[in-house]
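# Examination of the molecular architecture
Single-letter residue listing:
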Amino acid sequence: MTKIILADDHQVVRQALRLLLETAGDWSVIAETGDGQAALRLVEQHKPDILIADMLMPGLSGLELARAAKRISPATRTIILSMYDAESYVVESMQAGAAGYVLKKSSAQELLAAIRHALAGNLYRSRGGSQSLMQAYIERAHAARVEDPDA
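Let me begin by describing the structure that accompanies this report. (Residues numbered from 1 in each chain as written. Predicted model: local features only at pLDDT ≥ 70, side-chain atom pairs only at ≥ 80, totals over all residues. Heavy atoms only, no water.)

### Overview of helix H2 (residues 36-46)
Buried residues of H2: Gly36, Ala38, Ala39, Leu40, Leu42 and Val43, and no others. Where H2 is buried, its residues touch strand E1 (2-7), strand E2 (27-33), strand E3 (50-54) and helix H3 (62-72). Where H2 begins, the side chain of Asp35 points an oxygen toward the backbone nitrogen of Gln37, at a separation of 3.0 Å. Phi turns positive, to about 50°, at Lys47, one or two residues after H2. (Buried < 20%, exposed > 50% of the residue type's maximum accessible area, 1.4 Å probe, protein only. Helix = DSSP H or I, 4+ residues; strand = E, 2+ residues; numbered from the N terminus. Contact = heavy atoms within 4.5 Å. Polar contact = N/O pair within 3.5 Å; in protein donor to acceptor, adjacent residues only side chain to side chain.)

Listed below in structure tokens is the structure:
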């Protein structure tokens, strides 16, 4: 059974996601919270397979949470759930260690697809953007940081 943690500061969103996920597959929402700091503690405690994190919430943002979750639970795959459609947010999310970026205006089927992609070890972004272009950008940014660690 795939273990999932939900982190979104809107309770109705968490409740809807829980219902969707627990009826869509062999997935179990093992914990949920509306606060980024609390989400990090839950990740550390439970080591979930998937963390679905809102881009903006109290405590830690989704990006900060993705970075920290990657350090404390490397196998946890984070999917950022966001209302922001800008490519820069997508790239920043992937650089932070997220495996997926799903817009809140997306369909439930798109979120489920993002989870499946993440579980398979792939990157996912809403609206069918270029996965290979995004991966190449992330690799170039990482290489630049390795060449100049003070950057």
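This is not the end of the story, as more comes after the structure.
### Side note on the environment of Leu60
For Leu60, the position within the fold is in the loop between E3 and H3. Once residues within four sequence positions are removed from consideration, Leu60 is found in contact with Gly36, Gln37, Leu40 and Leu65.

### Topic: the nonpolar core
The biggest cluster of nonpolar side chains holds 25 residues, and the ones touching the most others in it are Ile5, Ala7, Leu51, Ala53, Leu65, Ile80 and Tyr101. Of all elements in the fold, only E1, H2, E3, H3, helix H4 (87-95) and strand E5 (100-103) reach the threshold of two or more residues within this core. At 5 residues, the largest contribution of residues to this core is made by H3. In this structure, Leu51 is in contact with Ile5, Ala7, Val43, Leu65, Ala69, Thr76, Arg77, Thr78 and Ile79, ignoring residues within four places of it in sequence. (Core = buried A, V, L, I, M, F, W, Y, C linked by side-chain atoms within 4.5 Å.)

### A look at the pattern of salt bridges
Applying the stated criterion to the full structure yields 7 salt bridges. Between Arg14 and Glu32 there is a salt bridge, with the nearest N and O atoms lying 3.2 Å from each other. Of the two residues, Arg14 sits in helix H1 (residues 11-24) while Glu32 sits in strand E2, which places them 18 residues apart along the sequence. Since its relative accessible area comes to 26%, Glu32 is described here as partly exposed. Residues Arg18 and Glu22 are paired through a salt bridge, measuring 3.4 Å at the closest nitrogen-oxygen approach. A residue pair is termed a helical-turn pair when its members lie 3 or 4 positions apart in one helix, as Arg18 and Glu22 do in helix H1 at 4 residues. Relative accessible area serves as the criterion here: at 27%, Arg18 is assigned to the partly exposed category. Among the charged side chains, a network of salt bridges with common partners joins Arg14, Arg18, Glu22 and Glu32. (Salt bridge = Lys/Arg side-chain N within 4 Å of Asp/Glu carboxyl O.)

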